[in-house]
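# Observations on the three-dimensional arrangement
Listed below are the residues making up each chain.
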Amino acid sequence: MSFIKIFIHLVFSTKNRDPFLNTFDVRIKVWKHIKEYATQKGIFLDMINGYSDHCHCLISLGSDQNIEKIAQLIKGESSYWINKNKFTKDKFSWQDEYFAVSISESMVDQVRNYIKNQERHHQKKSFTEEYLEFIEKYNFKK
């Protein structure tokens, strides 16, 4: 048996960063649904949260999984589910792009805390500011 523990911090935004998920109630329903769907698909989704225009996930990859496929499954199915349940007045979709960075075992609790506190965090900082910080912190090229 192979033993694998590869944590990934996955972040994706709504199409055009529109604040589709603009109520706490809608966000809770969406995060709960994504967590349940991930479990059904054998995706270990350790933590999920976000704000009105984006989602953070802490995922541990399985031996037969890759980031692109997981992002595609989660984003595609949740878009379909959100639209089917009419949680938004306009057609909902996620942006095609996403961030994904590996997280060392020693940083997992810190990332969990960061994800858990998205509501409080985004009362002080916009997703655009967060986005620019991620670009700089992880040395992504624009």
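A brief look at the structure comes next. (Residues numbered from 1 in each chain as written. Predicted model: local features only at pLDDT ≥ 70, side-chain atom pairs only at ≥ 80, totals over all residues. Heavy atoms only, no water.)

## Quick look at the nonpolar core
Core analysis: the largest hydrophobic core is formed by 24 residues, its most contacted members being L21, V30, W31, I34, C57, I59 and W94. Sorting the residues of this core by element identifies β1 (6-13), α1 (24-40), β2 (44-51), β3 (54-61) and α2 (67-84) as the ones contributing at least two each. Other than its neighbours up to four places away in sequence, W31 contacts L21, I48, N49, G50, Y51, H54, C55 and W94. Grouped together as the second largest cluster of nonpolar side chains are eight residues, F7, L58, V108 and V111 included. (Core = buried A, V, L, I, M, F, W, Y, C linked by side-chain atoms within 4.5 Å. Buried < 20%, exposed > 50% of the residue type's maximum accessible area, 1.4 Å probe, protein only. Helix = DSSP H or I, 4+ residues; strand = E, 2+ residues; numbered from the N terminus. Contact = heavy atoms within 4.5 Å.)

## Observations regarding the packing of aromatic side chains
Counted according to the given criterion, the structure contains six aromatic pairs. Seen in terms of ring centroids, F12 and W94 are 4.8 Å apart; in terms of plane orientation they differ by 90°. Their pairing is edge-to-face. You can see F12 sitting in strand β1 and its partner W94 sitting in the loop between α2 and β4 (99-103), a full 82 residues away along the chain. Accessibility expressed as a relative area gives 1% for F12, which makes it buried. (Phe/Tyr/Trp six-rings, centres within 6.5 Å; stacked < 30°, edge-to-face > 60°.)

## Structural notes on helix α5 (residues 127-137)
Residues spaced three or four apart along an α-helix point in a common direction, a consequence of the helix completing one turn every 3.6 residues. Every buried residue belonging to α5 is among F127, E130, F134 and I135, and all of these are buried. Looking down the long axis of α5, one finds its buried residues gathered within 140° of arc, a one-sided arrangement. On its buried face, α5 sits against β1, β3, β4, α3 (108-116) and α4 (118-121). Downstream of α5 by one or two residues, N139 has phi in the positive range, about 55°. (Arc of directions from axis to C-beta.)

The analysis is restricted to geometry; functional conclusions fall outside its scope.
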